[in-house]
Number of protein chains: 2
Amino acid sequence: MEEGAVTQPIKFLEPRAKVVASRDRIIADLKDILPEDCLVHEPRELVPFETDAFVSYRRLPLAVALPKTTEQVAAAMKYCHRYGIPVVPRGAGTSLSGGAIPQEDAVVIGLSKMASILELDFYNRTARVQAGVTNLSISDAAGAEGFFYAPDPSSQLACTIGGNIGMNSGGAHCLKYGVTTNNLLGVKMVLVDGTVLELGGKHLDAAGYDLLALVCGSEGQLGIVTEATVRLIAKPEGARPVLFGFETSEEAGSCVADIIGAGIIPVAIEFMDKPAIEICEAFAKAGYPLDVGALLIVEVEGSEAEMDAMLADIVTIAKKHGVKTVKECQSAMEAAAIWKGRKSAFGATGRIADYICMDGTVPLSQLSYVLKKTSEITDRLGLRVANVFHAGDGNMHPLILFNANDPDDAARAEEAGNEILKLCVDAGGCLTGEHGVGIEKRDLMRHQYGEADLAQQMAVRAAFDEGWLMNPSKVFPLEGRG
Amino acid sequence: MEEGAVTQPIKFLEPRAKVVASRDRIIADLKDILPEDCLVHEPRELVPFETDAFVSYRRLPLAVALPKTTEQVAAAMKYCHRYGIPVVPRGAGTSLSGGAIPQEDAVVIGLSKMASILELDFYNRTARVQAGVTNLSISDAAGAEGFFYAPDPSSQLACTIGGNIGMNSGGAHCLKYGVTTNNLLGVKMVLVDGTVLELGGKHLDAAGYDLLALVCGSEGQLGIVTEATVRLIAKPEGARPVLFGFETSEEAGSCVADIIGAGIIPVAIEFMDKPAIEICEAFAKAGYPLDVGALLIVEVEGSEAEMDAMLADIVTIAKKHGVKTVKECQSAMEAAAIWKGRKSAFGATGRIADYICMDGTVPLSQLSYVLKKTSEITDRLGLRVANVFHAGDGNMHPLILFNANDPDDAARAEEAGNEILKLCVDAGGCLTGEHGVGIEKRDLMRHQYGEADLAQQMAVRAAFDEGWLMNPSKVFPLEGRG
């Protein structure tokens, strides 16, 4: 079997049922189960599936199934379950933690052919969609009637709702509206053995256990979601992003904590430090001030009067923290540019260097402290860092810049990332706010959790997938089970 | 062993490990484990623990432990686990579904001695409390600083945060702020074998699976929560309940659906039909109009201008549905009276008749249809019904009035309740919005779920409690396992 460029091998330590069928036999069988255009198995056609946005790891899968219906997903899963073949679910492959990276003995089940919006029910404010639909297309479809789907990852043009559910994705506007789990009402999902479950629906709450909330953020290990019912929200009367420039990151961080601590909840509070401002401005011409050390993008919404009132309160707090610049945008075009700059931060960074993006979440009172310590860590290791993140949620995204062609640089970047995530946990936070554990952070789970915590999470996983076949070698430390 | 007035026996069908120790031995052992004032075992002292607010069932437990610390809870659980003794967690005993009703071979673990507020952290907008703290006391403690805890069950003066977590409780003001699961950030909990877990904290999100969301609403079957970290919310600038009177329940129901369908989210939209209005007004002198067929209490909040703007939109919609009366309250005293009337609905109903309260939740588009069908069911069975519920959430509470001393009447009330809940499920809704399944609805779970759904829920339960010892004979149909 031809392999892609394997930067680092993935270890397989978990005691899994051996694949009893040969690769040729599995492909032949899957051809019987799936329509002809729904199976990819030629090595060169498998290359697009060898990694995701966590490009440090690559591995060609055994085959890729691209089913068109829930029934086809179920048939493929049932077959794989019978023969002990690992299954890796895949949306758009935008995972930053390696959540969609396959193993060489695994069948990838991709949802790209299941991308229909099945129902827009404005009366109940819900959309029912196939899991392969992109995040942004839901808002696009609902927009004409004045509604939108709130969680907005930066990759929303590409990422799918199924992937969003797997990682419990967030986004800039989640401060007010909540992340995926707060906007998800129901799913249709296929269990490892091909059983189809429907959880939730258009109603609130659930009788019995809240399996829907459990599935959201379970990184494709409890089953494959094929359909989702999500909440639509009415567009506000108006919305206005405002730029607040500060001398230092610490001032900006304290200001965020004070805004939230005062009980004020804008739609978004995004944070950019000087390197992030420079990178994004160079790329997007967003109109960011270049003479400040840190920038907050605060978006308020509602009527003009409501926006004015909330902004006045925020300006008062910002002044206490020595705000240097307050810049209100003067047009819809300026507003769009501000958001384009923020949302292209990762892409813009990728133009100038390799980077890894951390995703720790901390209590807001710890924001300034963690920013300061993050700089100390990267300074000590001789690395550059750019911070651009969802400050109102305490969800930090330090981008650690390095040169992937220099193994020593790469090792130091990984070391810095690990230290920063441990710092977040030690400050009362957690390893991940929205990107998931995936491959990237699986070994750090021991820093966050004790044996009993991990054992309980693994017991829950086993209650869905006794044979450990679904998206293996992720989330849990490998020496655990995979 | 002396028994309380057993209205209906509880069946024990699940294949559970037999209690190997005698009652006397168990009590002697628990005396060794717990401080002297933390164990109740004399039959007459056990009477307060024989039932909860679902008074149809009563049974004296074997003993009641009232620990003062998490360590004592853990010690009692570890002991009970070793000897296969069922454990029933208990907050304030306000469950409407029988969630806290014991079995005669069970040890009740009550949290009443763990009622301290451990930390108010206004900077991070969180409160850390022991699980036996009452719901309202959190808001009372945070009030001076301008914050409150949002979920507000009608029983909030008595019910505990631990019970709220067990049932994922809601309340009138949850339309805007969400129910318990949306306001819960972390718990300390004791597993069946005495292991102590800490889930979540002051940060958002979790690495790995969202066990916190799973535990919320799991009705005390996955462990006993001993501490909780909850979100505090800033009090609004102002709040104003407004009464909207309609000729018919159908008009009021359609109006609710149109308000929500337009994307307007007030703080609360409560619904009362004519019988409910009369019962509550007679009890609370709330100032409700008596010449209408149905009443909506709509609460808006914010600045005067914000409230005026939202109310104007709502009035426009209400007029389309033929609103007869719009009554704004003129003072804080009037506002308090309006809410007192609503929140005392169950108590006021209890003064005039026995009643059972259903808790189905439906998509809002089905509200009018379900109200109409509910009347048809109770009419056919010769019963009176009063509807008073969280309309904005689609969370219906028909109170079916009957005479508990007339077995035929009681049987018809139970039949009506079952038919109404099946109606809710068939209309795309679910059996329970906030009261839980408990004993009351366990047999109806088959109407909501297929075999695969129930099997998956039970597998998750077993992943926490293999021996089925925690709060047994609840949530799942008895012929399943209990």
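On a predicted model such as this, the values are computed, not experimentally measured, just so you know.

Chemist: Mind showing me how you'd approach the overall build of chain A here?
Modeler: A tally of helices and strands in chain A yields 17 helices and 18 strands. Radius of gyration (C-alpha) of chain A: 22 Å, near the 23 Å computed for a compact globule of 482 residues. For the C-alpha atoms alone, the extent of chain A along its principal axes is close to 70 × 55 × 40 Å. When burial is assessed residue by residue, chain A has 62% of its 482 residues classed as buried. Computed over 44 positive and 64 negative side-chain charges, the separation of the two mean positions in chain A equals 3 Å.

Chemist: When you look at the domain arrangement of chain A in this model, what are you seeing that I'm missing?
Modeler: Interface size is commonly expressed as the accessible area that is lost once the parts come together. Residue and element names in this part refer to chain A. Splitting chain A by domain gives domain 1 (14-235) and domain 2 (238-427). For domain 1 versus domain 2, the separation of C-alpha centres amounts to 30 Å. At the junction of the two partners, domain 1 supplies 12 residues and domain 2 supplies 16 residues. Taken together, the links from domain 1 to domain 2 amount to two salt bridges. Where Glu301 meets Lys176, a salt bridge forms, and the shortest distance between an N and an O atom there is 3.0 Å. At the junction of domain 1 with domain 2, the criterion picks out six residue pairs in polar contact (both at pLDDT 80 or more).

Chemist: Honestly, the pairing of strand 3 (residues 87-90) of chain B in this entry has me stumped. Any pointers?
Modeler: The two faces of a sheet get side chains in turn, since along a regular strand they alternate between them. Residue and element names in this part refer to chain B. Of the two faces of strand 3, both are covered, the one formed by Val87 and Pro89 as well as the one formed by Val88 and Arg90. Pairing of strand 3 with strand 4 (residues 107-110), which is carried by four bridges, proceeds in the parallel orientation. Paired with Arg90 across the strands is Gly110, a residue of strand 4.

Chemist: Would you mind showing me how to read the side chain of A:His203 here?
Modeler: Its location among the elements puts A:His203 in the loop between strand 9 (196-200) and helix 8 (211-215). If near-sequence neighbours (up to four positions away) are discounted, A:His203 is found in contact with A:Leu185, B:Thr361, B:Val362, B:Pro363, B:Gly428, B:Gly429 and B:Cys430.

Chemist: Which parts of the structure should I look at to understand the UniProt feature "domain: FAD-binding PCMH-type" (unreviewed entry) in chain A?
Modeler: Following the UniProt record, one finds the feature "domain: FAD-binding PCMH-type" (unreviewed entry) at residues 57-235 of chain A. The span residues 57-235 of chain A shows a helical share of 23% and a strand share of 25%, and its end C-alpha atoms are spaced 40 Å apart.

Chemist: It is not clear to me how the relation of the copies chain B and chain A should be interpreted in this structure. Could you clarify?
Modeler: Put simply, the second copy of the chain is the first one after a rotation about an axis and a shift along it. With an axial shift of 0.0 Å and an RMSD of 0.0 Å, the rotation relating chain B to chain A amounts to 180°. Taken together, the turn and the small shift mark the pair as related by a two-fold rotation axis. Interface overlap between copies: 100% of the residues of chain B at the interface are likewise at the interface in chain A, consistent with a symmetric, same-surface contact.

Chemist: Please explain the packing of aromatic side chains as it appears in this structure.
Modeler: For any pair of aromatic rings, the description rests on two quantities: the centre-to-centre distance and the angle between the ring planes. Counted according to the given criterion, the structure contains 16 aromatic pairs over all chains. With a centroid separation of 5.0 Å and 50° between ring planes, the pair formed by A:Tyr79 and A:Tyr83 is classed as tilted. Seen in terms of ring centroids, B:Phe148 and B:Tyr177 are 5.6 Å apart; in terms of plane orientation they differ by 80°. Their pairing is edge-to-face. Taken together, the positions of B:Phe148 in strand 7 (residues 147-148) and B:Tyr177 in helix 6 (residues 174-177) put the pair 29 residues apart, joining distant regions of the chain. In terms of burial, B:Phe148 and B:Tyr177 fall into one category: buried. These aromatic residues form a ring-pair network of at least three members: A:Tyr209, B:Trp468 and B:Phe476. Of note, A:Arg461 hangs over the ring of A:Trp468, and the distance from its end group to the ring centre comes to 4.2 Å.

Chemist: Would you take a moment to explain the pattern of salt bridges for this structure?
Modeler: Any two side chains of opposite charge can pair, on the condition that their charged atoms come close. Overall, the coordinates contain 48 salt bridges over all chains when judged by the stated rule. Between A:Asp465 and A:Arg461 there is a salt bridge whose closest N-O contact spans 2.9 Å. A relative accessible area of 1% means that A:Asp465 is categorised as buried. The exposure class of A:Arg461 is buried, given its relative accessible area of 0%. Close ionic contact of B:Arg240 with B:Asp308 constitutes a salt bridge, the shortest N to O distance being 3.2 Å. In this pair, B:Arg240 is assigned in strand 12 (residues 239-246) and B:Asp308 in helix 11 (residues 304-320), connecting sequence segments 68 residues apart. In this structure B:Arg240 comes out as buried when scored by relative accessible area, which is 10%. Overall, the relative accessible area of 42% leaves B:Asp308 in the partly exposed class. One salt-bridge network, in which partners are shared between bridges, spans A:Glu119, A:Asp121, A:Arg128, A:Lys188, A:Lys202 and A:Glu227.

Chemist: I tried to follow the interface of chain B and chain A on my own but got confused; where do I start?
Modeler: Across the boundary between the two partners, chain B contributes 66 residues, which contact 66 residues of chain A. Counting each side, the surface lost to burial between chain B and chain A is near 5,000 Å², with a carbon and sulfur contribution of 59%. Across the chain B-chain A interface, the total number found is zero salt bridges. When contributions to the side of chain B that touches chain A are tallied by element, the ones reaching two or more residues are strand 9 (196-200), helix 8 (211-215), helix 9 (249-261), helix 16 (445-448) and helix 17 (451-464) of chain B.

Chemist: I would appreciate a short explanation of the packing of helix 1 (residues 23-33) of chain B against helix 3 (residues 70-82) of chain B in the present structure.
Modeler: Packed helix pairs are characterised by how far apart their axes lie and by the angle those axes make with each other. Residue and element names in this part refer to chain B. Packing of helix 1 against helix 3 brings their axes to within 10 Å, and their N-to-C directions diverge by 150°. When the interaxial angle is binned, helix 1 and helix 3 end up roughly antiparallel. The way helix 1 lies across helix 3 gives a crossing that is right-handed. Note on element contacts: helix 3 touches helix 1 through Ala75, Ala76 and Tyr79, opposite Arg25, Ile26, Asp29, Leu30 and Ile33. Taken together, the residues of the contact of helix 1 with helix 3 break down into six nonpolar, no polar and two charged.

Chemist: Looking at this structure, how should I read the state of the cysteines?
Modeler: All names here are of chain A. Counted according to the given criterion, the structure contains zero disulfides over all chains. Unpaired in this structure, Cys280 has its nearest cysteine sulfur neighbour in Cys357, at a distance of 12 Å. Here Cys329 stays unpaired: no disulfide links it, and the sulfur of Cys280, its closest cysteine neighbor, is 17 Å away. Owing to a relative accessible area of 13%, Cys329 belongs among the buried residues under this scheme.

Quick notes on the rules
Residues numbered from 1 in each chain as written. Chains lettered and ligands numbered in written order. Predicted model: local features only at pLDDT ≥ 70, side-chain atom pairs only at ≥ 80, totals over all residues. Heavy atoms only, no water. Helix = DSSP H or I, 4+ residues; strand = E, 2+ residues; numbered from the N terminus. Rg over C-alpha atoms; globule rule 2.2 N^0.38 Å. Buried < 20%, exposed > 50% of the residue type's maximum accessible area, 1.4 Å probe, protein only. Lys, Arg positive; Asp, Glu negative; His and termini not counted. Charge placed at Lys NZ, Arg CZ, Asp CG, Glu CD. Domains from an automatic or database assignment. Contact = heavy atoms within 4.5 Å. Salt bridge = Lys/Arg side-chain N within 4 Å of Asp/Glu carboxyl O. Polar contact = N/O pair within 3.5 Å; in protein donor to acceptor, adjacent residues only side chain to side chain. Pairing = 2+ DSSP bridges. UniProt positions renumbered as here; feature names shortened; annotations may be inferred. Least-squares fit on C-alpha atoms with pLDDT ≥ 70 in both. Phe/Tyr/Trp six-rings, centres within 6.5 Å; stacked < 30°, edge-to-face > 60°. Lys NZ or Arg CZ within 6 Å of the ring centre and 35° of its normal. Buried area = accessible area lost by both parts, 1.4 Å probe. Axes fitted to C-alpha atoms, helices over the stretch in contact; angles between N-to-C directions. Parallel < 35°, antiparallel > 145°, perpendicular 65-115°, else oblique. Left-handed = near helix turned anticlockwise from the far one by under 90°. Nonpolar A, V, L, I, M, F, W, Y, C, P; charged D, E, K, R; others polar. Disulfide = S-S within 2.5 Å.

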